[in-house]
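What follows is each chain in one-letter form.
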Amino acid sequence: MAFNKLKNFLHWEGTQKPDIDMSGLLYEQLKPFRAPFLLLFAGLLLSTLGYVVVTDYSLIDAFFQASYTFTTTGFGALKEDEFDGLDVFYTALVMMAGSAVLSFCVISVIDVLNRGKLIPIIKERNMIYRIARLKNHFIICYHNEYTIQLSQQFREAHIPFVVVDNNEALEDIAQKYRYPFFINEDPHTEIAMLKCHLSSARGVITLSNSIADNIAQIASVRLYERELGRKPYFIIGNANTNEDEEKLKKLGADCVVSPAKLFAQRVNAMATRPDMENLLERFAYQKDTPLDLEEIVVPRYSWLVLKKLKEAHLREITQTSVVGITQKDGKFISMPNGDALVTSECKLLVIGTSHGVRLTKQLVSKKDKPEELKYV
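Calculation rules
- Residues numbered from 1 in each chain as written.
- Predicted model: local features only at pLDDT ≥ 70, side-chain atom pairs only at ≥ 80, totals over all residues.
- Heavy atoms only, no water.
- Phe/Tyr/Trp six-rings, centres within 6.5 Å; stacked < 30°, edge-to-face > 60°.
- Lys NZ or Arg CZ within 6 Å of the ring centre and 35° of its normal.
- Pairing = 2+ DSSP bridges.
- Helix = DSSP H or I, 4+ residues; strand = E, 2+ residues; numbered from the N terminus.
- Axes fitted to C-alpha atoms, helices over the stretch in contact; angles between N-to-C directions.
- Contact = heavy atoms within 4.5 Å.
- Parallel < 35°, antiparallel > 145°, perpendicular 65-115°, else oblique.
- Left-handed = near helix turned anticlockwise from the far one by under 90°.
- Nonpolar A, V, L, I, M, F, W, Y, C, P; charged D, E, K, R; others polar.
- 1 Å grid on protein atoms, 1.4 Å probe; cavity = no way out; pocket = protein on both sides within 12 Å on 5 of 7 lines; lining within 4 Å.
- Points joined across faces, edges and corners; volume = space filled by probe spheres on them.

This part covers the packing of aromatic side chains. Centre distance and the angle of the planes are the two values used to describe a pair of aromatic rings. Per the counting criterion, the structure on display carries 7 aromatic pairs. Grouped by ring-pair contacts, the aromatic residues Tyr51, Tyr57, Phe83 and Tyr90 constitute a single cluster. Over the aromatic face of Tyr301 sits the side chain of Lys367, whose NZ or CZ is 5.7 Å from the ring centroid.

Below, the structure written as structure tokens:
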């Protein structure tokens, strides 16, 4: 117990292992190499013993003679000019046997490589071990134009993600669009969830143009979540109609994005409130802006629970303002005054500088009343 506490304090973690072991599959591909290598070692052993018997070589000289004779890589390094007829005949037999065994080895290696499975399995195994190091990553299911744009945004925000799709050309696609991690499987299958290390993921984003694929994905993830007995995944789905949007929400999607609706909303905002849209474009949709807008969850253990908003003194300490509170039951309070009560697991909509928002997160997440409040 004390050792585990020390590991947590030092943030010392062992090597993460994948949820799936591909050693068996790799062994199946390497199995044809057994016979050639056994023949090679047996040939060297028998040739060495033969030279010890038919010549006056020591064991080490016999091994050296057998090695370069059996592999046909040389001759004449030792006392071959003193060979009698038996020695010469035996040496010829060793050369012929070595040539046959080496030819068999080369043919076996070429046969395995021609099947075209060994190299992809090794690459996939390496990819799975890399993915196993990820934590709180997102699984992006299905490759399409939405995935391309989303991956670019995630890379810029340094959010880890894995793209899962059954496209045979996924490796080339990943190189083209700079997907750092990818798995070539049907996203809703159990093997895909194991390979993408879903057990440590933060959430799943399913972006198929087919509602059936998105339904299958959400249902599979929720079932896998129950098997693990872990906290719910954050699931985002893609829908083209209001009916499909309702279906995905009923199945367990936390958020559903409708590209057509988003397009209509943005165009409407541009047409009716262009100044507001320009403001959002400048501060809400871009990075590294002087103003940031973010929702902060108040943990159950926070010192701020059941306190009035004015008791936090956020404006004085962090130079931020709370412009909205979303209660746990979904009720939204806009522009709350200082007497508004902060409840457990509510969300504070905070506006301010990026630095100020980070300070607010730290302030809200503390268990005990912060020292900074003594000076305001």
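Continuing now.
What follows covers the sheet that holds strand 2 (residues 161–165). Reading across from one edge, 3-2-1-4-5-6 is the order of the 6 strands in this open sheet, with parallel pairing throughout. Of all strands in the sheet, those with a lone pairing partner are strand 3 (182–184) and strand 6 (255–257), marking the two edges. Across the sheet, the mean angle from the axis of one strand to that of its neighbour is 15°, orientation sign disregarded. Those strands touched by helix 8 (residues 170–177) are strand 2 and strand 3, and its axis lies near 160° from that of strand 3.

Before going further, it helps to examine the packing of helix 3 (residues 34–54) against helix 4 (residues 59–70). It is the contact of helix 3 with helix 4, at a shortest axis distance of 8 Å, that shows an interaxial angle of 130°. Classed by the angle they form, the pair helix 3 and helix 4 counts as oblique. For the pair helix 3 and helix 4, the crossing hand works out as right-handed. Between helix 3 and helix 4, the contacting residues are Leu39, Leu40, Gly43, Leu44, Ser47, Thr48, Tyr51 and Val52 on the first element and Leu59, Ala62, Phe63, Gln65, Ala66, Ser67, Thr69 and Phe70 on the second. Along the lines of polarity and charge, the residues of the contact of helix 3 with helix 4 split into 10 nonpolar, 6 polar and no charged.

Time to look at empty space enclosed by the protein. Per the counting criterion, the structure on display carries 1 cavity of 30 Å³ or more. Within this model, the largest cavity holds a volume of roughly 40 Å³. What lines the largest cavity is simply Ile139, Cys141, Val164, Pro187, Ala192, Met193, Cys196, Leu198, Val204, Gln217 and Val221. Elements with a minimum of two residues in the lining of the largest cavity: strand 1 (138–141), helix 9 (190–195) and helix 10 (211–228). Taken together, the residues of the lining of the largest cavity break down into 10 nonpolar, 1 polar and no charged.

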